[in-house]
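# Observations on the three-dimensional arrangement
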Amino acid sequence: MSISEERLLADVPHGLFIGGTWRDAQDGGTLDVSDPATGKVVKTIASATEADAKAALDAACDAFPGWAATPARERGEILRRAFDLLQERADDFALLMSIEMGKPVAESRGEVTYGGEFLRWFSEEAPRIQGRYGPNPEGTGRMIVSQHPVGPCFLITPWNFPLAMATRKIAPALAAGCTVVVKPASLTPLTTMYFAKLLAEAGVPAGVVNVITTAHSSEVSEPIIADPRLRKLSFTGSTAVGRALLRQASEGILKTSMELGGNAPFVVFDDANLDAAVEGAMAAKFRNSGEACTAANRFIVHRSVVDEFSRRVTKRVVAMKVGRGTEDGVDIGPLIDADAVAKAARLVDDAVAKGATITAGGSAIDGMGHFFEPTVLTHVQPGSDLLHEEIFGPVLAIMAFDTEDEALTLANDTEFGLVSYVFTEDLARGQRMIERLETGMIGLNMGVVSNPAAPFGGVKHSGLGREGGAEGIHEYLETKYTLTPNPFA
């Protein structure tokens, strides 16, 4: 570990952030955070208990009336200061993410840019919260429709994008006038803790943002969700956990946002620009080492171009450099833990047993850390597990199709519906795919779709609600309707 890494880790708080104060867990419990590239512990932090969770919610509830009454312009200016501070410290945040999550530092810098844009976007959305006023159809009164912050929120973020998933939830909540309790994933909590420190410096009042880290997620989350003072739950993670949280949230009739699993199809037609399709494939599959809900999972390629497409992507994948994310020139970092490596190996072995061919990679890498070779599988057969399970690793799986209807059937053959990718030069075909694909987002001749100005979210088992865009702030607002007498009657 370099001196700069040691300095940075020393600057990250180790406690819980509750009511504007960093404190130890009430029972003194701790949680070790490890570097997935080496397996070594990089920092030991507090592990919250149920009592700490209650204290965090207490702080959020106490701060809510004052923050909700804070002028929207002022809330927006605080978010803008946070954006500016993040740009100044971009290198530190990028390095921290590479240490605790493993992604190449170049990708971490990209996440700082992406995550920061949520702060800037919602700083501008805060003063644009609008309502409407007008006569009712009968002319007997005047209708006032207004928007109000929903109340204290519980935000549960995943390990794979530790900054962007925090800003994507915290920024719209604060812009709307809500206070929050944030629970980052236990595998990558340091970035969120460092970000909370930045928010306080930007001027976020005590209690508006509270961060609790814990090794006992369900024990800490359940009492927060069950508390009648909580009014909103936002979660990004697996569909299985999302279902469990929705059941808990139903008791309090909580407003919920769920960004869950994905199984993205990547369809390449015979008329596609293959250069663009290959570039799109590399971005859609190997960004974040494949550990992204938007990662392309199933490459559905027209039979007339499948061999050439496979040859080109194999050439690119063989040349990828694997290593610790902080090293120069690394394309693929470690997977998050040993279970992720085992899952990738199981899915590859199953596909090969059912007829697939390995043209690149295919195995776990021995030694320290949790590494898996970037892999290309061709001739993937129906019934292979990876066609139905989210891979969440650097495995590109290719299967062939003959007709447009067949491609659509294969693409929609999943319980998930987050994102899909289509490459074709035929405008009419592209429009048909937009109409018929069962996903909340589509990349048409694009391998990356995420943008803070656009609504992010899926259909079917991929979730509820949208994050980002003009739609994102409405997830943290309630609509109130008032009828007043006709003032001219």
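Residues numbered from 1 in each chain as written. Predicted model: local features only at pLDDT ≥ 70, side-chain atom pairs only at ≥ 80, totals over all residues. Heavy atoms only, no water.

## Observations concerning the sheet that holds strand β6 (residues 141-149)
- With antiparallel pairing, three strands are arranged side by side in an open sheet as β5-β6-β24. In the strand order of this sheet, the two ends are held by β5 (132-135) and β24 (477-485), each with one partner. Going across the sheet, the axis of each strand differs from the next one's by a mean of 20°, ignoring polarity.
- Note: β6 against β24, nine bridges, orientation antiparallel. The residue of β24 that forms the bridge with P149 is L477. (Pairing = 2+ DSSP bridges. Helix = DSSP H or I, 4+ residues; strand = E, 2+ residues; numbered from the N terminus. Axes fitted to C-alpha atoms, helices over the stretch in contact; angles between N-to-C directions.)

## Comments concerning the environment of P205
- Counting through the fold element by element, P205 comes out in the loop between α7 (190-202) and β9 (209-211).
- Taking relative accessible area as the criterion, P205 reaches 36% and is therefore assigned partly exposed.
- Spatially, the C-alpha atoms of P205 and T49 are 24 Å apart, while their sequence positions differ by 156 residues. (Buried < 20%, exposed > 50% of the residue type's maximum accessible area, 1.4 Å probe, protein only.)

## Some words on empty space enclosed by the protein
- Counted under the stated rule, the structure contains three cavities of 30 Å³ or more.
- Roughly 70 Å³ of internal volume is contained in the largest cavity.
- Along the walls of the largest cavity sit A283, A284, R287, A292, T294, A295, Y421, G447, V448, V449 and S450, which together make up its complete lining.
- Partitioned by chemical class, the residues of the lining of the largest cavity number seven nonpolar, three polar and one charged. (1 Å grid on protein atoms, 1.4 Å probe; cavity = no way out; pocket = protein on both sides within 12 Å on 5 of 7 lines; lining within 4 Å. Points joined across faces, edges and corners; volume = space filled by probe spheres on them. Nonpolar A, V, L, I, M, F, W, Y, C, P; charged D, E, K, R; others polar.)

## Here we look at helix α10 (residues 274-286)
- Over its 13 residues, α10 extends 18 Å from the first C-alpha to the last, a length consistent with the 18 Å expected when each residue adds 1.5 Å.
- Of the residues flanking the start of α10, the one acting as N-cap is N273, its side-chain oxygen 3.0 Å from the backbone nitrogen of D275.
- Downstream of α10 by one or two residues, N288 has phi in the positive range, about 60°. (Expected span 1.5 Å × (residues − 1). Polar contact = N/O pair within 3.5 Å; in protein donor to acceptor, adjacent residues only side chain to side chain.)

## Overview of the nonpolar core
- Ranked by size, the top nonpolar core spans 64 residues in total, and within it I170, L174, L190 and V209 carry the most contacts.
- Per-element tally for this core: the top contributor is helix α6 (residues 164-176), with nine residues.
- Among all residues touching L174, those that are not within four sequence positions of it are W67, R75, L79, V180, V204, V208 and V209. (Core = buried A, V, L, I, M, F, W, Y, C linked by side-chain atoms within 4.5 Å. Contact = heavy atoms within 4.5 Å.)

## Side note on the packing of helix α4 (residues 90-100) against helix α5 (residues 105-125)
- The interhelical angle for the contact between α4 and α5, taken along N-to-C directions, is 125°, at an axis separation of 8 Å. In terms of orientation, α4 and α5 fall into the oblique class. Relative to α5, the crossing made by α4 is right-handed. In this structure, α4 uses A90, D91, F93, A94, L95, M97 and S98 to contact α5, whose residues at the interface are V105, S108, R109, E111 and V112.
- For the contact of α4 with α5, the residue count by class is seven nonpolar, two polar and three charged. (Parallel < 35°, antiparallel > 145°, perpendicular 65-115°, else oblique. Left-handed = near helix turned anticlockwise from the far one by under 90°.)

## Looking at the pairing of strand β20 (residues 419-423)
- Of all five residues in β20, five are buried; the element is thus mostly enclosed.
- Burial of the side chains of β20 extends over both faces: V419, Y421 and F423 are buried on one face and S420 and V422 on the other.
- The pairing of strand β12 (residues 264-268) with β20 spans three bridges and is classified as parallel. Residue pairing in the sheet places F266 in a bridge with Y421 of β20.
- By the bridge criterion, four bridges tie β20 to strand β21 (residues 441-444) in an arrangement that is parallel. Paired with S420 across the two strands is I442, which belongs to β21.
- Regarding topology, helix α14 (residues 427-436) serves as the crossover connection from β20 to the parallel β21, and that connection is right-handed. (Right-handed = clockwise from strand over helix to strand, strands pointing away.)

## Quick notes on the pattern of salt bridges
- Per the stated rule, a full pass over the model turns up 32 salt bridges.
- Taking the shortest distance from any N to any O, the salt bridge between R316 and E279 comes out at 2.7 Å. Linking R316 in helix α11 (residues 306-318) with E279 in helix α10, this pair joins segments that are 37 residues apart in sequence.
- Among the charged side chains, a network of salt bridges with common partners joins D270, D271, E404, R429 and R432. (Salt bridge = Lys/Arg side-chain N within 4 Å of Asp/Glu carboxyl O.)

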